[in-house]
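# Descriptive analysis of the structure
Spelled out from the first residue to the last, the chains are:
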Amino acid sequence: MDFSKLKKRKEAMDLLLENWAPQPETEFVELEDAEGYVLAENQYAAFSIPVVRASGMDGIAVRYDDFAEGIPDTSGWIEGREYVRADTGDDFDDAYDTVIPIERITILEQGGLSLDADVKIEKGMHVLGKGSMLWEGQLLSEKGTRLQGRHLAALASGGVQKVPVIQKPRVGFIPTGSELIPAGTMPRRGQNIDSNSILAKSMLREMGAEPICYPIVKDRQDELSQALDKALSECDIVIINAGSSKGKEDFNTRLLRSKGKLLCHGVAAVPGRPMGVAVIEGKAVINIPGPSMAAFYGLDWMIHSIVCKWLGIPLPKRPVVQAELEEDLSAPPFFERMAFVELSERDGKYFARPHERGEKGRRHAMSSDGIFVSSLGKGGLKKGEIIEVEWLG
């Protein structure tokens, strides 16, 4: 095979977007349930806070006119007559207009007050004006914001109760393979645990999608066809896992071609080179290879990009560190290779140790704290080279 003719990752993604137009709808959700959704419209405050004015600190509220000619004798002052208590954020009677910090006051045992000798009183001091914390019509959160707790608190403060959000894409995940058994089952000879469904469900939720994981489908073309039809009827985006290469039981590429428009089969990225990209019934259908690292890689760059496109938000970028390779790292020149690495820090410098290859290495690699993706055409890297590692922690 001429690997130089394979689609680059960006080319595969661009080809999909040329043939697939996401059509998300807007829905309203209760504020307390809105975490993780993407805001569909700008949200504004329905009222001002404070509604009139409030104390800016713990203290007492007084009439400034009583201090116009200096500090008066306060030893006979009575609460509710010459002053009132006014703690931070509290409203107080309109008869009072100035707040003295509680730290500058001594409440006498026999009644009355004593003020520090050097206290300075200015009219209106430590009083928050109407709308000084939040004003009616103030922008609380912008369209396109992925809502977190701090955004929800701001919306609550401004009187928002129901939030217009982009409906999360329903993403179906179909695990395939006659050798697969559900997680939690004791495997026998020739069997393997379906861990990719767990991986996909978690990653899709983190992306902001609604995952729908289907039961394992055996390597029989009629069953695969029925499972795909069901997923297409229930989901906005469909992922088929495994059956994408050229093995005896790899039917899925032919299946995608028969049901819709197969845009490409194979990308210049490993692990996961035999990825298939199609549009069927106006929906994006992606066939990602079965090995665990290939499934992670396909979900990470392709599916995440699709979900972000649906939600109308940019693809998030992970923190990046420069690290020195602690051993050689092989990478075929015709592919971008993703490698899991373990990061360590010594004397203020980062070091990256790639995981061993093979299935044993793959399984252990999934708990790594960093990934590195080699540049197309560069090939392998040598011990001591500086690489850019995306931090997964």
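Residues numbered from 1 in each chain as written. Predicted model: local features only at pLDDT ≥ 70, side-chain atom pairs only at ≥ 80, totals over all residues. Heavy atoms only, no water.

### Some details on the overall build of the protein chain
Helices and strands together make up the secondary structure of the protein chain, namely seven helices and 26 strands. Here the C-alpha radius of gyration of the protein chain, 31 Å, is well above what a compact globule of 393 residues would show, namely 21 Å. By principal-axis analysis of the C-alpha atoms, the protein chain measures approximately 100 × 55 × 45 Å. Counted over contacts in the protein chain with a minimum sequence separation of 6, partners at least 24 positions apart contribute 74%. Of the charged side chains in the protein chain, 48 are positive and 59 negative, and the gap between their average positions amounts to 14 Å. (Helix = DSSP H or I, 4+ residues; strand = E, 2+ residues; numbered from the N terminus. Rg over C-alpha atoms; globule rule 2.2 N^0.38 Å. Contact = heavy atoms within 4.5 Å. Lys, Arg positive; Asp, Glu negative; His and termini not counted. Charge placed at Lys NZ, Arg CZ, Asp CG, Glu CD.)

### Some remarks on the nonpolar core
Judged by nonpolar contacts, the single largest core of 46 residues is most densely connected at Leu16, Ile286, Leu299, Met302, Ile303 and Ile306. It is helix α6 (residues 292-311) that provides the largest number of residues to this core, a total of 13 residues. In contact with Ile286, other than residues within four places in its own chain, are Leu16, Val238, Ile239, Ile240, Met275, Gly276, Val277, Met302, Ile303 and Ile306. With 17 residues, the next largest nonpolar core counts Tyr214, Leu255, Leu256 and Val285 among its residues. (Core = buried A, V, L, I, M, F, W, Y, C linked by side-chain atoms within 4.5 Å. Buried < 20%, exposed > 50% of the residue type's maximum accessible area, 1.4 Å probe, protein only.)

### Quick look at the sheet that holds strand β2 (residues 38-39)
Read from one edge to the other, the open sheet built from three strands follows the order β1-β12-β2, with strand pairing classed as antiparallel. Only two strands of the sheet have a single neighbouring strand rather than two, namely β1 (26-30) and β2. (Pairing = 2+ DSSP bridges.)

### Quick look at the pattern of salt bridges
This model, assessed by the stated rule, comprises 22 salt bridges. A salt bridge links Asp116 to Arg104, with the shortest nitrogen-to-oxygen separation between them at 2.8 Å. Highlighted residues: Asp116 in the loop between β9 (113-115) and β10 (127-128) and Arg104 in the loop between β7 (98-101) and β8 (105-107), separated in sequence by twelve residues. Residue classification places Asp116 among the partly exposed positions, given a relative accessible area of 28%. Between Arg318 and Asp300 there is a salt bridge, with the nearest N and O atoms lying 2.4 Å from each other. Note that Arg318 is positioned in the loop between α6 and β22 (320-325) and Asp300 in helix α6, a separation of 18 residues in sequence. Note on Asp300: relative accessible area 12%, which makes it buried. Through salt bridges with shared partners, a single network forms among Glu326, Glu327, Arg346 and Arg353. (Salt bridge = Lys/Arg side-chain N within 4 Å of Asp/Glu carboxyl O.)

### Comments concerning helix α5 (residues 252-259)
In an α-helix, one full turn covers 3.6 residues, which means residues spaced three or four apart are oriented alike. Turning to α5, its buried residues are Asn252, Thr253, Leu255 and Leu256. Considered in projection along α5, the buried side chains sweep an arc of 160 degrees and stay on one side of the axis. Those residues of α5 that are exposed and angled more than 90 degrees off the buried face are Arg257 and Ser258. Tucked inside the fold, the buried residues of α5 contact α4 (221-234), β17 (237-241), β18 (261-265), β20 (276-280) and β21 (283-288). (Arc of directions from axis to C-beta.)

### Looking at the packing of aromatic side chains
Within this structure, the stated rule accounts for three aromatic pairs. On the numbers, 5.8 Å between centres and 75 degrees between planes, the contact of Tyr350 with Trp391 is edge-to-face. Taken together, the residues Tyr350 in strand β24 (residues 349-354) and Trp391 in strand β26 (residues 386-391) connect sequence positions 41 residues apart. Looking at Lys168, its charged tip hangs above the ring of Tyr37, at a distance of 4.5 Å from the centre. Directly above the ring of Phe351 sits Arg346, whose terminal nitrogen or CZ lies 3.8 Å from the centroid. (Phe/Tyr/Trp six-rings, centres within 6.5 Å; stacked < 30°, edge-to-face > 60°. Lys NZ or Arg CZ within 6 Å of the ring centre and 35° of its normal.)

### Here we look at the pairing of strand β13 (residues 170-175)
Burial within β13 is extensive, with five of its six residues counted as buried. Of the pairings in the sheet, the one linking β13 to β17 comprises five bridges and is parallel in character. Bridging across to β17, Val171 finds its partner in Ile237.

### Regarding the packing of helix α3 (residues 196-207) against α6
Orientation of α3 relative to α6, taken along the N-to-C sense of each, is 30 degrees, at an axis distance of 10 Å. The angle between the axes of α3 and α6 places the two elements in the roughly parallel class. Our pair here, α3 against α6, has a crossing hand that is right-handed. Residues Asn196, Leu199, Ala200, Met203, Leu204 and Met207 of α3 lie in contact with α6, whose contacting residues are Ser292, Ala295, Phe296, Leu299, Asp300, Ile303, His304, Val307 and Leu311. Taken together, the residues of the contact of α3 with α6 sort by class into eleven nonpolar, three polar and one charged. (Axes fitted to C-alpha atoms, helices over the stretch in contact; angles between N-to-C directions. Parallel < 35°, antiparallel > 145°, perpendicular 65-115°, else oblique. Left-handed = near helix turned anticlockwise from the far one by under 90°. Nonpolar A, V, L, I, M, F, W, Y, C, P; charged D, E, K, R; others polar.)

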